[in-house]
Amino acid sequence: MLMKIGLRPLQAFCRVAELRSFSLAAEQMRLSQPALSASIRKLEEALGVRLFDRTTRQVLLTPDGRELFRLASRMIDEYESVFGDFQDYIARRRGRVVIAALPSVAAVLLPPVLGRFGAAHEAVDIRIRDTLHDGVLEEVRSGAADFGLTVAPVPGDGFTFEPLATDRFVLVCPKEH
């Protein structure tokens, strides 16, 4: 039979187990000691086992308590990891991205790409800083831009770069030239 035990009683149990003190755990969790004790008592009743050996001087885990502590700690760590990952996911869906780009890139390449990105990520505000090569590098170096789109910087300039496209330059002139 699957028991319905919430996360909060398991967190309380783990805190008491870590600190080996009901009073310290209650203080850290901002609970009264009687409320914390009641929570542990209900957990023990729900599980049908004693989790702690209590004396006036110490609080020690029973063998069942040690096993629950091992499993509950793993579950709490996973829970915190899942919600941390979800907060990271939400943060990426909102916010502001600043791109420093060469004028040709800003005018020709970025509009269709940013149109698709904006449709998929409406809560992200995108700013483009249209500047020449040295300006792109300075914007990124200073932190004013999150990244830049320009020609490859000089090696050893403190930047990491990834080639994105090859541009074919052509000469345009009248036929008689």
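Note that the coordinates shown come from a computational prediction; the quantities given were computed from them, not determined experimentally. (Residues numbered from 1 in each chain as written. Predicted model: local features only at pLDDT ≥ 70, side-chain atom pairs only at ≥ 80, totals over all residues. Heavy atoms only, no water.)

## Concerning the environment of R50
With respect to the element layout, R50 can be found in the loop between α3 (33-47) and β1 (52-54). For R50 and I40, which are ten residues apart along the polypeptide, the C-alpha to C-alpha distance reads 9.6 Å. Here R50 is in contact with E44, T62, D64 and G65, once residues within four sequence places are set aside. (Helix = DSSP H or I, 4+ residues; strand = E, 2+ residues; numbered from the N terminus. Contact = heavy atoms within 4.5 Å.)

## Points about the packing of helix α1 (residues 7-19) against helix α2 (residues 22-29)
Contact geometry of α1 with α2 gives a least axis separation of 8 Å together with a crossing angle of 130°. Looking at the two axes, α1 sits oblique to α2. Where α1 crosses over α2, the handedness of that crossing is right-handed. Contacts between α1 and α2 involve R8, Q11, A12, R15, V16 and L19 on the former and, on the latter, F22, L24, A25, Q28 and M29. (Axes fitted to C-alpha atoms, helices over the stretch in contact; angles between N-to-C directions. Parallel < 35°, antiparallel > 145°, perpendicular 65-115°, else oblique. Left-handed = near helix turned anticlockwise from the far one by under 90°.)

## Some remarks on the packing of aromatic side chains
Any two aromatic rings considered together are summarised by their centre-to-centre distance and by the angle between their planes. Counted by the stated rule, this structure contains four aromatic pairs. Arranged with centres 5.7 Å apart and planes meeting at 70°, the rings of F22 and F52 form a pair that is edge-to-face. You can see F22 sitting in helix α2 and its partner F52 sitting in strand β1, a full 30 residues away along the chain. Looking at F52, the relative accessible area reads 1%, which means it is buried. For the pair Y79 and F83, a centre-to-centre distance of 4.8 Å together with 50° between the ring planes defines the contact as tilted. Separated by four residues within a single helix, Y79 and F83 lie in helix α4 (residues 63-93), roughly one turn from each other. The partly exposed category is assigned to Y79, whose relative accessible area is 39%. F83 sits in the partly exposed class, given a relative accessible area of 42%. Feature note: the residues F13, F22, F52 and F69 constitute an aromatic cluster, connected by ring pairs. (Phe/Tyr/Trp six-rings, centres within 6.5 Å; stacked < 30°, edge-to-face > 60°. Buried < 20%, exposed > 50% of the residue type's maximum accessible area, 1.4 Å probe, protein only.)

## Quick look at the packing of α1 against α3
Relative orientation of the contacting elements α1 and α3 amounts to 110°, with a least axis distance of 9 Å. When the axes of α1 and α3 are compared, the pair comes out roughly perpendicular. Residue-level inspection shows P9, L10, A12, F13 and V16 of α1 in contact with α3, the latter providing L36, S39, I40 and L43. Of the residues in the contact of α1 with α3, the class split is eight nonpolar, one polar and no charged. (Nonpolar A, V, L, I, M, F, W, Y, C, P; charged D, E, K, R; others polar.)

## Description of the nonpolar core
Membership of the largest hydrophobic core comes to 21 residues, with the highest contact counts inside it found for F13, V16, F22, L36, F52 and L68. Secondary structure elements with two or more residues in this core: α1, α2, α3, β2 (59-61) and α4. Here this core gets seven residues from one element, more than from any other, and that element is α1. Not counting chain neighbours up to four residues away, the residues in contact with F22 comprise V16, Q33, L36, S37, I40, F52, R54 and V59. If you look at the next biggest cluster of nonpolar residues, it comprises eight residues, including A101, V105, A106 and L149. (Core = buried A, V, L, I, M, F, W, Y, C linked by side-chain atoms within 4.5 Å.)

By themselves, these are just geometric observations and shouldn't be taken as functional.
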